[in-house]
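The lines below spell out each chain.
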Amino acid sequence: MSDLEAEITELWDNRDDVTAVMPEAEASALVRAAIDLLDTGQARVAEVVDGEIIVHEWLKQAILLLFRLTNMSVTETGPFEFRDKIPLKRHYEASGVRVVPGAQARWGSYLAPGVVMMPSYVNIGAYVGADTMVDTWATVGSCAQIGARVHLSGGVGIGGVLEPPNAVPIVVGDDTMIGSRCIVAAGARVGTGVVLGAGCVLTGSIPVIDAETGEEISRGHVPDWCVAVAATRPRTFPGGDFGLACVLIVKRLTEGERHDKSKLNEILRERGVST
Ligand SMILES: CC(C)(COP(=O)(O)OP(=O)(O)OC[C@H]1O[C@@H](n2cnc3c(N)ncnc32)[C@H](O)[C@@H]1OP(=O)(O)O)[C@@H](O)C(=O)NCCC(=O)NCCS
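What comes next concerns the included structure. (Residues numbered from 1 in each chain as written. Predicted model: local features only at pLDDT ≥ 70, side-chain atom pairs only at ≥ 80, totals over all residues. Heavy atoms only, no water.)

**As for the layout of surface pockets**
The volume enclosed by the largest pocket comes to roughly 440 Å³. Taken together, 17 residues make up the lining of the largest pocket; nearest its centre are Thr75, Phe82, Pro87, Leu88 and Gln104. Secondary-structure elements contributing two or more residues to the lining of the largest pocket are strand E3 (73–77), strand E4 (80–84) and strand E6 (104–105). When residues of the lining of the largest pocket are assigned to their parent elements, the largest contribution, 4 residues, is made by E3. Residues belonging to the lining of the largest pocket are distributed by class as follows: 8 nonpolar, 4 polar and 5 charged. (1 Å grid on protein atoms, 1.4 Å probe; cavity = no way out; pocket = protein on both sides within 12 Å on 5 of 7 lines; lining within 4 Å. Points joined across faces, edges and corners; volume = space filled by probe spheres on them. Helix = DSSP H or I, 4+ residues; strand = E, 2+ residues; numbered from the N terminus. Nonpolar A, V, L, I, M, F, W, Y, C, P; charged D, E, K, R; others polar.)

**What about helix H2 (residues 24–39)?**
When the terminal C-alpha atoms of H2 are compared, their 22 Å separation across 16 residues agrees well with the 22 Å that a helix rising 1.5 Å per residue should span. Buried-residue contacts for H2 involve helix H1 (3–13), helix H3 (57–69) and strand E7 (110–111). Taken from the residues just after H2, glycine 41 is the one with a positive phi, measuring 75 degrees. (Expected span 1.5 Å × (residues − 1). Contact = heavy atoms within 4.5 Å.)

**As for the packing of aromatic side chains**
For the coordinates displayed, the defined rule picks out 3 aromatic pairs. Between tyrosine 110 and tyrosine 127, the aromatic rings sit 5.0 Å apart at their centres with planes inclined by 40 degrees, giving tilted as the arrangement. Within this pair, whereas tyrosine 110 is found in strand E7, its partner tyrosine 127 is found in strand E10 (residues 127–128), the two being separated by 17 residues in sequence. The pair tyrosine 110 / tyrosine 127 is uniform in exposure class, with both members buried. Considering the side-chain rings of phenylalanine 237 and phenylalanine 242, the 5.9 Å spacing of their centres and the 65 degrees angle between planes classify their relative orientation as edge-to-face. Using a relative accessible area of 32% as the deciding quantity, one classes phenylalanine 237 as partly exposed. In this structure phenylalanine 242 comes out as partly exposed when scored by relative accessible area, which is 46%. Over the face of the ring belonging to tryptophan 12 we find arginine 15, whose NZ or CZ atom lies 4.1 Å from the ring centre. Positioned over the ring face of tyrosine 127 is arginine 44, at 3.6 Å from the centre of the ring. (Phe/Tyr/Trp six-rings, centres within 6.5 Å; stacked < 30°, edge-to-face > 60°. Buried < 20%, exposed > 50% of the residue type's maximum accessible area, 1.4 Å probe, protein only. Lys NZ or Arg CZ within 6 Å of the ring centre and 35° of its normal.)

Following this line, the structure appears as structure tokens:
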């Protein structure tokens, strides 16, 4: 355990009165040092190790402490006024990220080189891997971990998971394409090389069913290398028969295979949308 991790944990344990541990200004500086690690990608809230998601709780605690230790402040740009506790991310040229006007990422999120942000939003603690496209009106919630070469299509909602600190954030694997207006939230996980059809709702409660076998293979976890679409499953209630949402795996891909309709990202880059 690093010194910083131990200090943040101690502050968290005394979060109702951090001055019992150290002066507030010192506590605030430590918390900010932890957030800087997230902002620069030197640390991340969660990562996949041997297929398992490991959550680094102390970094989430740092985010929660930041909210407690920071006062609201008002900023203005042109006719716009904002009132918040956390500044926006900066230094995009140095980090090799393209940010189209209207896009916003908060300090404490990490955007790897080659990321393109169309007018979209990335919240604190989120990690977005290299060459990923965050398309128009897509939102990446707090602490979500998005892989490299991913396409989050227009209007995709990746849920934020902040509390409790040990809660597992949303993880989306490398080389995945999330279709327009998908909702991926609350306990969902998308594997590597997945194509998720437009309009899917995936949460930890939604059955993921293999169309080939009819088997429910998980709740909320789409496995690596497949094409999955929004579907319904029949459910009988006292009031009648209804279709409840599920996600249906309609095709298995071989590792490294790109589904034809998931090539939009590459096409956009070839046409000059590269950074
Ligand atoms: C999932 C997707 C990749 C499938 O494409 P495909 O492999 O060419 O599949 P097809 O069009 O042949 O459709 C296969 C079947 O799945 C169904 N299907 C396709 N997409 C679906 C979706 N999003 N939701 C539910 N069903 C879908 C089709 O109706 C078809 O049914 P059928 O076999 O009875 O005819 C594609 O439909 C999709 O959703 N792409 C995302 C588009 C997008 O969001 N682009 C981003 C723009 S910013």
